Amino acid sequence: MFGRDRSLTSLLNDTFIRGILFQALIAIGLFLSINWLADNTLSNLANQGKTLGFDFLTRTAGFQISPTLGTWMLDYKVGKSTYTDVYLIGIINTFIVALLGILAATVIGFTVGIMRLSDNLVFRWFSSFYVEVVRNVPLLLQLFFWYFAVLRAMPSKREKLELVEGVAGLNITGLYLPAPIVSDGFIYSFLSLIGAIAITFLVRRYALRRQAETGQILPMFWIGLGIIIILPVLVHYLNGSPLDWSLPEFKDTGPKLRQGYQSGAGMVLVPEMLAVWLALSLYTAAFIAEIVRAGILAVNRGQTEAAYALGVRPNVTLRLVVIPQAMRVIIPPLTSQYLNLTKNSSLAVAIAYPELVSVFAGTALNQVGKEVEMIFMMMMVYLTFSLMTAAFMNWFNSRVKLVER
Amino acid sequence: MAQPQNTAEQSVDQKTIVSMRNVNKWFGQFHVLRDINLSVDKGERIVVCGPSGSGKSTLIRCLNRLEKHQDGDIFVHGIELNNDVKNIDEIRREVGMVFQHFNLFPHLSILENCMLAPIWVRKTPRAEAEEIAMHFLTRVKIPEQASKYPGQLSGGQQQRVAIARALCMQPQLMLFDEPTSALDPEMIKEVLDTMVELADDGMTMICVTHEMGFARRVADRVIFMDEGQIVEQNEPEAFFNNPKSDRTKLFLSQILGH
């Protein structure tokens, strides 16, 4: 470059200068567009006589929200609770359905994905059928299916479909389950659970030592499961079962208007939440199943053969050789599915489950009219959820990464 | 299948470690093994050669059930190889295998690669398994790499680890499936040297390989296969200097011609 012809064209052909030039151009362009957007927004708001500000958050909200976990946790009352409460109720309801959805989708997805690779013909057909049907029907349609076709078709408010006699039942108003009522001695049952976990760790250490001395391998999973279940249950009953259950109460006598499930007894999962949960987890599970299948197939056949040739049994091979290697292929797309599920929960607005978009962008926005602030607040929530999920999954991914060189 | 027959078989011939009788195998329509009859004695070193697609890999993969034969009998170490999972497990414990592409477990360190089977299959205490692993890693001359991962090693080193991993199960028989075919020329020697040492220690070996120098040097018997059949087998001297069939002559002229 030096000492040669330094005309403008030759400068532009230099990769270093080119790089800087293009980056500068893009930065300027970006700055100008953001500036224009902000300016435009502010002047439009001024034209409508509006200002930016978050003072609406302390105002009381004057609308009803259907009873859900969020309203119960914040004790929502019309005319008393504020828009901050509405915001938090939306967050809680979104969070709970996303969390339950992720758990269910993971379990169903892994099961179906492994089933699709099974030698068993029935398993394989069933899982292929499930995946092909569920992932090819729009999520919104599935949401409508579960809500309108299944849950709205349940017996009416004055009737019930008994699932477990006197304990659990279903009708159009929701799924009724027993609610736990904690009394004094329950703390011991809880402590014994923690104790059981501690004991399991001790047994695990013993198992490792035993392996080191005799080579015998204990079935730690089953032993641990046994201790963690049996010990707290034993303590609980010896202590006189200090946990009561409030059973759902159903009346079919008395005044017609009072018949049906009684409020205040047991707990109820509203049909909107059930529908959202079912639709989200079943839909996402179909994608997770394909991811799991792809991950397992991506592990070279030679890995299984090498383990078999050493005499390692197929189940141990799957656990110690195949799954750990499949995980590094599975985790990145799995993270995307978790993020999708969380964001898809906003479709619940279509059946009026009071999650964030429904209560905040729906009813609250209509009444307050602070579009910019409220949309911004909601975007922050989804961004936070997503970044938290991604951070956790990245941490997990770095643990299963391969050392290359 | 019948258990008494097994023991009878074993008592008749304690020396035999592998016996194949009229073994046939098909991949779909393709007849990959045709009426294979083969008997291998303890301590014998056998080299199997032949053109690609002649069934030599399939032959040794049938000996530990990585492939299932469809017809005929196979006895390994006196145990009949059939659908009985117990028999398959028992045979796989006694038969080590080394693959063309090493197939080390990339997510485990070299030491863990070597300890996996002793711990989970032989139920060896961890400390002892580590001792065994280090012993064999020393024997293949890479004890200093024990804490590294397979991806950090050269091809030749990886293949030597694969040999050590198989030896950690202290097998009665070692199968080699083209162990040097995926290696750079200068790494072939280090792997062959390891195999020669193993042979000198009296290990029973069946090697599928194109390394004719190795065959001349260590083999007790060279087997030539073509189109799923054993065409010719003989001691290396006679095999290389005085091949009987025309097919063998053609093959040898092609691989030794340059």
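Residues numbered from 1 in each chain as written. Chains lettered and ligands numbered in written order. Predicted model: local features only at pLDDT ≥ 70, side-chain atom pairs only at ≥ 80, totals over all residues. Heavy atoms only, no water.

### Observations concerning the packing of aromatic side chains
Any two aromatic rings considered together are summarised by their centre-to-centre distance and by the angle between their planes. All names here are of chain A. With the rule as written, the count across this model stands at 14 aromatic pairs over all chains. On the basis of an interplanar angle of 75° and a centroid distance of 5.1 Å, the ring pair of F145 and W146 is categorised as edge-to-face. What makes F145 partly exposed here is its relative accessible area of 43%. Where F221 meets W222, the ring centres are 5.0 Å apart and the plane angle is 80°; that geometry is what we call edge-to-face. (Phe/Tyr/Trp six-rings, centres within 6.5 Å; stacked < 30°, edge-to-face > 60°. Buried < 20%, exposed > 50% of the residue type's maximum accessible area, 1.4 Å probe, protein only.)

### Regarding empty space enclosed by the protein
Taking a probe equal in size to a water molecule and rolling it over the atoms shows the remaining empty space. Residue and element names in this part refer to chain B. The tally for this structure, following the rule as stated, stands at three cavities of 30 Å³ or more. Estimated volume of the largest cavity: approximately 50 Å³. Surrounding the largest cavity, R139, V140, I163, L167, T194, E197 and L198 form its lining. Among the secondary structure elements, those contributing two or more residues to the lining of the largest cavity are α6 (155–167) and α7 (185–200). Here the residues of the lining of the largest cavity are counted per class, giving four nonpolar, one polar and two charged. (1 Å grid on protein atoms, 1.4 Å probe; cavity = no way out; pocket = protein on both sides within 12 Å on 5 of 7 lines; lining within 4 Å. Points joined across faces, edges and corners; volume = space filled by probe spheres on them. Helix = DSSP H or I, 4+ residues; strand = E, 2+ residues; numbered from the N terminus. Nonpolar A, V, L, I, M, F, W, Y, C, P; charged D, E, K, R; others polar.)

### What about the sheet that holds strand β10 (residues 229–234) of chain B?
Residues and elements named next belong to chain B. In space, the six strands of this open sheet follow the order β6-β7-β8-β3-β9-β10, with mixed pairing throughout. Bordering the open sheet on either side are β6 (95–98) and β10, each of which pairs with just one other strand. Each neighbouring strand pair of the sheet contributes to a mean axis angle of 20°, computed without reference to strand direction. With four bridges connecting them, strand β3 (residues 45–49) and strand β8 (residues 204–208) associate as parallel partners. Residue pairing across strands places I46 opposite I206, the latter belonging to β8. Of the strands in this sheet, β6 and β7 (173–177) touch α6, which is tilted by about 170° from β6. Contacting β3, β9 (221–226) and β10, helix α10 (residues 246–256) runs over the sheet at an angle of about 100° to β9. (Pairing = 2+ DSSP bridges. Axes fitted to C-alpha atoms, helices over the stretch in contact; angles between N-to-C directions. Contact = heavy atoms within 4.5 Å.)

### Some thoughts on the packing of helix α4 (residues 110–120) of chain B against helix α5 (residues 126–139) of chain B
Residues and elements named next belong to chain B. Running from amino to carboxyl end, α4 crosses α5 at an angle of 125°, the nearest separation of the two axes being 9 Å. Of the possible angle classes, the one that applies to α4 and α5 is oblique. The handedness of the crossing between α4 and α5 comes out as right-handed. Between α4 and α5, the residues in contact are I110, L111, C114, M115, P118 and I119 and R126, A129, E130, A133, M134 and L137, respectively. A per-class count over the contact of α4 with α5 returns 10 nonpolar, no polar and two charged. (Parallel < 35°, antiparallel > 145°, perpendicular 65-115°, else oblique. Left-handed = near helix turned anticlockwise from the far one by under 90°.)

### Quick notes on the interface of chain B and chain A
Counting from both sides, the interface comprises 30 residues of chain B and, opposite them, 28 residues of chain A. Carbon and sulfur atoms make up 64% of the surface buried where chain B meets chain A, a total of about 2,600 Å² over both sides. Broken down residue by residue, the surface that chain B buries against chain A is led by R92, H107 and W120 of chain B, which jointly contribute 23%. If you look at where chain B meets chain A, you find two salt bridges. With a shortest N-O distance of 3.2 Å, R313 of chain A and D89 of chain B are connected by a salt bridge. In this assembly, chain B and chain A are joined by seven residue pairs in polar contact (both at pLDDT 80 or more). (Buried area = accessible area lost by both parts, 1.4 Å probe. Salt bridge = Lys/Arg side-chain N within 4 Å of Asp/Glu carboxyl O. Polar contact = N/O pair within 3.5 Å; in protein donor to acceptor, adjacent residues only side chain to side chain.)

### Considerations on the side chain of T71 of chain A
Residue and element names in this part refer to chain A. In this fold, T71 is placed in helix α3 (residues 69–74). Take T71: its relative accessible area is 9%, and that puts it in the buried class. Of the polar contacts made by the side chain of T71, one reaches the backbone nitrogen of T68; its length is 2.7 Å. Apart from residues lying up to four places away in sequence, T71 is in contact with I65, S66, Y76 and I89.

### As for the nonpolar core
The biggest cluster of nonpolar side chains holds 51 residues, and the ones touching the most others in it are I163, M174, F176, M195, M205 and F214 of chain B. Counting residues per element, this core draws most heavily on α7 of chain B, at eight residues. Other than its neighbours up to four places away in sequence, F176 of chain B contacts I60, V98, I163, M195, L198, M205, I206, C207 and V208 of chain B. L143, W146, A289 and V322 of chain A belong to the second-largest nonpolar core, a separate cluster that totals 47 residues. (Core = buried A, V, L, I, M, F, W, Y, C linked by side-chain atoms within 4.5 Å.)

### Focus on helix α7 (residues 186–214) of chain A
Between its first and last C-alpha atoms α7 of chain A spans 41 Å; for 29 residues at 1.5 Å apiece the expected length is 42 Å, and the two agree. Those residues of α7 of chain A hidden inside the fold are in contact with α8 (220–238) of chain A together with α4 and α5 of chain B. Looking at the residues trailing α7 of chain A, positive phi occurs at G215 of chain A, about 85°. (Expected span 1.5 Å × (residues − 1).)

### Description of the packing of α6 of chain B against α7 of chain B
Residue and element names in this part refer to chain B. Running from N to C, α6 and α7 cross one another at 20°; their axes reach a closest spacing of 8 Å. As far as their axial angle goes, α7 and α6 are roughly parallel. The element α6 and its partner α7 pack so that their crossing is right-handed. From α6, G155, G156, Q157, Q159, R160, I163 and L167 reach across to α7, where they touch M187, E190, V191, T194, M195 and L198. Broken down by class, the residue content of the contact of α6 with α7 amounts to six nonpolar, five polar and two charged.

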